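Okay, here's what each chain looks like letter by letter:
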Amino acid sequence: QVQLVESGGGLVQPGGSLRLSCSASGSIFGIIAMGWYRQPPGKQRELVARIFNDGSTYYADSVKGRFTISRDNAKNTVHLQMNSLKPEDTAVYYCNGLKSSAGWYDYWGQGTQITVSS
């Protein structure tokens, strides 16, 4: 099994910044990508950002230029730096790990609330 533990959520004013972190433990061999999904109130869960083992990244159009995903391989940790936050960024953010092990598996963090409000 893989365990993903998130930290860094909270309340911030529009234009402010937050940093999310996600640490992986357990049977982490075979993980090929990590990132974050988010689920705004009353909306579907959506992929926000993802970083692959080769360092390549993906960003949703809504966060390009504002969010930056990075990784610390030695600590099995991924970070999401969130700048210029907007009220529409308000959501529960879920860390996600994609694993290949005789098939494809998704693992999820516990979720952390990000609220952007004045």
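Look up: the structure comes first, before these words.
Residues numbered from 1 in each chain as written. Predicted model: local features only at pLDDT ≥ 70, side-chain atom pairs only at ≥ 80, totals over all residues. Heavy atoms only, no water.

1. Section: the nonpolar core
And step 1. Counting 27 residues, the largest nonpolar core has Met34, Trp36, Phe67, Ile69, Leu80, Met82 and Tyr93 as its most contacted members.
And step 2. Within the residue set of this core, elements represented by two or more residues are β1 (2-7), β3 (18-26), β4 (31-39), β5 (46-52), β7 (67-72), β8 (77-82), β9 (91-100) and β11 (112-116).
And step 3. Tallying contributions element by element places β3 first for this core, with four residues.
And step 4. When residues no more than four places from it in sequence are discounted, the contact partners of Ile69 are Met34, Gly35, Trp36, Ala49, Arg50, Ile51, Thr57, Tyr59, Val78, His79 and Leu80. (Core = buried A, V, L, I, M, F, W, Y, C linked by side-chain atoms within 4.5 Å. Buried < 20%, exposed > 50% of the residue type's maximum accessible area, 1.4 Å probe, protein only. Helix = DSSP H or I, 4+ residues; strand = E, 2+ residues; numbered from the N terminus. Contact = heavy atoms within 4.5 Å.)

2. So, the packing of aromatic side chains
And step 1. Counted according to the given criterion, the structure contains one aromatic pair.
And step 2. Ring centres of Tyr37 and Trp108 lie 5.0 Å apart, and the angle between their planes is 65°; on these two criteria the pair is classed as edge-to-face. On the criterion of sequence distance, the pair formed by Tyr37 in strand β4 and Trp108 in strand β10 (residues 104-108) is long-range, its members being 71 residues apart.
And step 3. Judged by relative accessible area, Tyr37 falls into the buried class, the value being 18%.
And step 4. Trp108 gets classed as partly exposed once you look at its relative accessible area, which sits at 36%.
And step 5. Between Arg45 and the ring centre of Tyr94, over which it is positioned, the NZ or CZ distance is 3.8 Å.
And step 6. In this structure, Arg45 packs its charged tip against the face of Trp108, placed 4.9 Å from the ring centre. (Phe/Tyr/Trp six-rings, centres within 6.5 Å; stacked < 30°, edge-to-face > 60°. Lys NZ or Arg CZ within 6 Å of the ring centre and 35° of its normal.)

3. Points about the sheet that holds β8
In sheet architecture, strand pairing relies on hydrogen bonds along the backbone and comes in two forms, parallel and antiparallel.
And step 1. On the basis of which strands lie adjacent, the open sheet formed by four strands has the order β1-β3-β8-β7 and antiparallel pairing. Edge positions in the sheet fall to β1 and β7, since each has one partner strand and no second. Adjacent strand axes in the sheet meet at a mean angle of 20°, parallel and antiparallel pairs treated alike.
And step 2. Pairing of β1 with β3 involves six bridges; the strand directions are antiparallel. Bridge pairing links Leu4 to Ala24 in β3. (Pairing = 2+ DSSP bridges. Axes fitted to C-alpha atoms, helices over the stretch in contact; angles between N-to-C directions.)

4. A word on the state of the cysteines
And step 1. In the structure shown here, the tally under the stated rule is one disulfide.
And step 2. Sulfur-sulfur distance for the disulfide between Cys22 and Cys95 comes to 1.9 Å. Of note, the bridge from Cys22 to Cys95 carries an S-S torsion of about -90° and is left-handed in sense. Here Cys22, found in strand β3, pairs with Cys95, found in strand β9; they are 73 residues apart in sequence, far enough to count as distant. Across the pair, exposure class does not vary: Cys22 and Cys95 are buried alike. (Disulfide = S-S within 2.5 Å.)

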